[in-house]
Structure formats: C-alpha cells, structure tokens
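# Structural overview
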Amino acid sequence: MKVINPNTVGTHEIKLIPRFEGYQDISLLTLSLYNESIREFSDVTISDYYELNGVYTLEFSINNYTILENDTFEIKLLDNQDSNVLYKGKILATSQTPQNYKLTDGLYTYN
C-alpha cells in the first residue's frame, strides 16, 4: 500500500514498480484513482515521472477532490496506447508516519 499526506498542497509523490518498463513519454500514461469512501473516480494529472533502476516515481495532483485523513484509493496506472495495466494497488491518505500508523489516532484518549 502506498501512502500520501492529505495535508500536502499541490502534488503528491508515490514510488512503484510497474509490470512493464520502457515508457519515456508521460503522455502515454494515465493514472486512475477510485476513492473507496465516496465511491467516485478522481481526475488526476501526472505532472512528472522518472525511472531509476526499475522503480518509477510519479508526481501527480488530484483535481476535483480534497483529500481527507484516512481516505483510501484504488490506483491504476495504464498505458494509453495498448491499454495495458502497468500497476494496480492502493493508496492511504494519512499525516501519520507509516511506521507509527494507528487507525484510532486522535479518536480515543487513554488515562
């Protein structure tokens, strides 16, 4: 599962290993996000991407939705030419560090 910070303004960044490699042109890629909590697809603009040792780093912005804490998304990276699915996975939006993530953070107080 990939993690993004909902407090980040502008672009978000994720790293992934695609099923196929060799894409040099960003216009050949489409990033699709499906918000599982409101059951809607979000418009996504890929602003930049680069590849290093088989790991793709994508920078993107979500245009028609404000990301909230604990939102989850299904992510799909597609090749526009052949309609190949290059990557499929999930994204969690949280301001907590992944190593110390607690689902109940801020909801319960212990004495």
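As shown above, the structure is provided for reference.
The shown structure was predicted, so the numbers you read here are calculated from the model rather than taken from an experiment.

### Details of the pairing of strand β6 (residues 55-62)
Here β6 lies mainly inside the structure; 6 of its 8 residues are buried. Strand direction decides the pairing type here: strand β2 (residues 12-16) and β6, joined by 5 bridges, are antiparallel. Within β6, the residue paired with Lys-15 across the bridge is Thr-57. Judged from the 8 bridges that link them, strand β5 (residues 44-52) and β6 form a sheet pairing that is antiparallel. Within β6, the residue paired with Tyr-49 across the bridge is Leu-58. Counted between consecutive antiparallel strands, the loop separating β5 from β6 contains 2 residues, among which Asn-53 sits at a positive phi close to 55 degrees.

Cut-offs used in this document
Residues numbered from 1 in each chain as written. Predicted model: local features only at pLDDT ≥ 70, side-chain atom pairs only at ≥ 80, totals over all residues. Heavy atoms only, no water. Buried < 20%, exposed > 50% of the residue type's maximum accessible area, 1.4 Å probe, protein only. Helix = DSSP H or I, 4+ residues; strand = E, 2+ residues; numbered from the N terminus. Pairing = 2+ DSSP bridges.

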